[in-house]
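# Per-entry structural report
Now for the letters of each chain:
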Amino acid sequence: MPDVGPTAVLPRRPLTVGELLDSAVLLLRTQGRLLLPLGALLAVGEQLLLYPVRLAAGVEPPTWLLRGDGFTALWFLLALGAATEAVIVTLLGNPAARAAGAALLGRRAGVRELLRPRGARYGATLLLALLVGLVVMLAGLTGPVWFVAYPLFGSVAAALAVDRVPVEQAVGRAARLAVRGGGQVAAVRVLGYLGWWILRVGLALGVFTGLDSLDLVDLGDPALAPVAAIVVWAGVNTVAYPALACLDAVVHLDNRMRTEGLDIRLARSPAGLAEPVLLAADR
């Protein structure tokens with residue numbers, strides 16, 4: 001029987017918002033050996049990719065704040081950053097969702113299992129992650145539309161890796177799940193994103209302020225400032241991106257329990273048939 005006590009990563013019952021946030025953190029803790037290194041790799045790659053674009057936009061390391069006139073370029077940079085974030089969170093959402101699915105069935109997925117290509121659908125996840133990133137970028141260029149577009153696609157990776165829906169149906173299923181029940185899933189995803197955004201910006205700026213005040217690093221040095229920017233921003237995103245992916249994973253399964261009766265189906269399923277029930281998503 002699965003652990004349904006207070007320390008369970010994902011109990012078989014609908015959760016409150018606070019419990020969803022706690023479950024996401026617990027999932028990250030149990031799968032940190034995999035998700036944190038993957039998050040670090042993707043976060044560093046993101047910083048290296050955005051570095052020349054940021055310089056062209058007229059922002060300078062390490063804080064990447066606007067210097068002088070160039071708001072249009074900065075706006076494009078922010079939209080591009082939103083796109084890379086969406087791509088990374090979707091990619092990390094694949095192993096996070098499969099780990100959450102295993103936790104719901106009462107077991108802990110190992111690193112080898114989560115890295116195993118068989119059944120992981122990595123290619124489809126990458127393809128749809130790029131599509132999600134493009135849509136989020138276009139929405140970001142319009143400003144407020146981002147708040148509509150971003151939360152719609154939190155279940156894309158889980159729809160592929162856990163629900164096993166066809167590739168062409170994954171985006172539509174994610175959007176439908178996001179708006180079920182009055183849009184609670186979308187609201188939780190935006191809440192989680194904003195919470196982590198405030199935390200990582202605060203941490204990064206705090207680190208830069210501390211380094212500058214203690215004269216540990218000359219942030220005015222054109223050779224050191226880019227290195228400091230990449231290290232600090234990648235460092236905070238190394239934790240934030242996997243945490244957001246874990247939140248998407250637990251919210252997806254919680255939503256299936258709320259709207260599809262997944263918890264009831266699992267409770268009624270005979271021993272050994274729980275996994276097929278998990279994979280039998282309503283389409």
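Remember, it's a predicted structure, so these values are computed and weren't measured experimentally.

### Concerning the nonpolar core
With 57 residues, the main nonpolar core has L27, L104, C246, V250, V251 and L253 as its most contacted residues. With residues near it in sequence (within four places) discarded, V250 still touches L10, L20, S23, A24 and L27. Counting 11 residues, the second largest nonpolar core, distinct from the first, contains A57, V59, W64 and V236.

### Notes on the pattern of salt bridges
In this structure the tally under the stated criterion is 10 salt bridges. Its salt-bridge partner being R189, residue D248 comes within 2.8 Å of it at the nearest N-O pair. Separated by 59 residues along the polypeptide, D248 in helix α10 (residues 224–260) and R189 in helix α9 (residues 184–213) bring together distant segments of the chain. The same class applies to D248 and to R189, which are both buried. The salt bridge involving R256 is made with E260; its shortest N-O contact spans 3.1 Å. Taken together, the residues R256 and E260, both in helix α10 and four residues apart, mark about one turn of the helix. On the accessibility criterion, R256 (0% relative accessible area) is buried. Overall, the relative accessible area of 6% leaves E260 in the buried class. A network of salt bridges, in which partner residues are shared, links D163, R173, R180, R256 and E260.

### Remarks on helix α1 (residues 17–30)
For α1, with 14 residues, the first-to-last C-alpha span of 20 Å sits near the 20 Å given by 1.5 Å per residue. Here α1 has its buried residues at L20, S23, A24, L27 and L28. Along the long axis of α1, the arc covered by the buried residues comes to 135°, so they all point the same way.

### Thoughts on the packing of helix α3 (residues 71–104) against α10
Remark: α3 packs on α10, axes separated minimally by 7 Å, with the N-to-C direction vectors making an angle of 50°. Relative to α10, the element α3 lies oblique. Seen along the crossing, α3 lies across α10 with a hand that is right-handed. Contact residues: α3 offers E85, I88, V89, L92, G93, A96, A97, A100, G101 and L104, while α10 offers Y241, P242, L244, A245, C246, D248, A249, L253 and M257. Broken down by class, the residue content of the contact of α3 with α10 amounts to 15 nonpolar, two polar and two charged.

### Points about the packing of aromatic side chains
This model, assessed by the stated rule, comprises four aromatic pairs. Summarising the aromatic geometry, the rings of W146 and Y193 are spaced 5.0 Å apart at their centres and angled 55° between planes, so their arrangement reads as tilted. Placement of the pair is W146 in helix α6 (residues 146–152) and Y193 in helix α9, with a sequence separation of 47 residues. Grouped by ring-pair contacts, the aromatic residues W146, F147, Y150 and Y193 constitute a single cluster.

### Focus on the confidence of the model for the protein
Detail in the predicted coordinates should be disregarded across regions flagged by low pLDDT. When pLDDT is averaged across the protein, the result is 84; 87% of the residues are at 70 or more. Looking across the protein, the model is least confident in helix α12 (residues 274–279), with a mean pLDDT of 54, and most confident in helix α5 (residues 122–142), with 94. Here residues 1–7 scores under 50 on pLDDT; set against residues more than four positions off or in separate chains, the count is seven contacts.

Rules used throughout
Residues numbered from 1 in each chain as written. Predicted model: local features only at pLDDT ≥ 70, side-chain atom pairs only at ≥ 80, totals over all residues. Heavy atoms only, no water. Core = buried A, V, L, I, M, F, W, Y, C linked by side-chain atoms within 4.5 Å. Buried < 20%, exposed > 50% of the residue type's maximum accessible area, 1.4 Å probe, protein only. Contact = heavy atoms within 4.5 Å. Salt bridge = Lys/Arg side-chain N within 4 Å of Asp/Glu carboxyl O. Helix = DSSP H or I, 4+ residues; strand = E, 2+ residues; numbered from the N terminus. Expected span 1.5 Å × (residues − 1). Arc of directions from axis to C-beta. Axes fitted to C-alpha atoms, helices over the stretch in contact; angles between N-to-C directions. Parallel < 35°, antiparallel > 145°, perpendicular 65-115°, else oblique. Left-handed = near helix turned anticlockwise from the far one by under 90°. Nonpolar A, V, L, I, M, F, W, Y, C, P; charged D, E, K, R; others polar. Phe/Tyr/Trp six-rings, centres within 6.5 Å; stacked < 30°, edge-to-face > 60°. pLDDT = per-residue confidence, 0-100.

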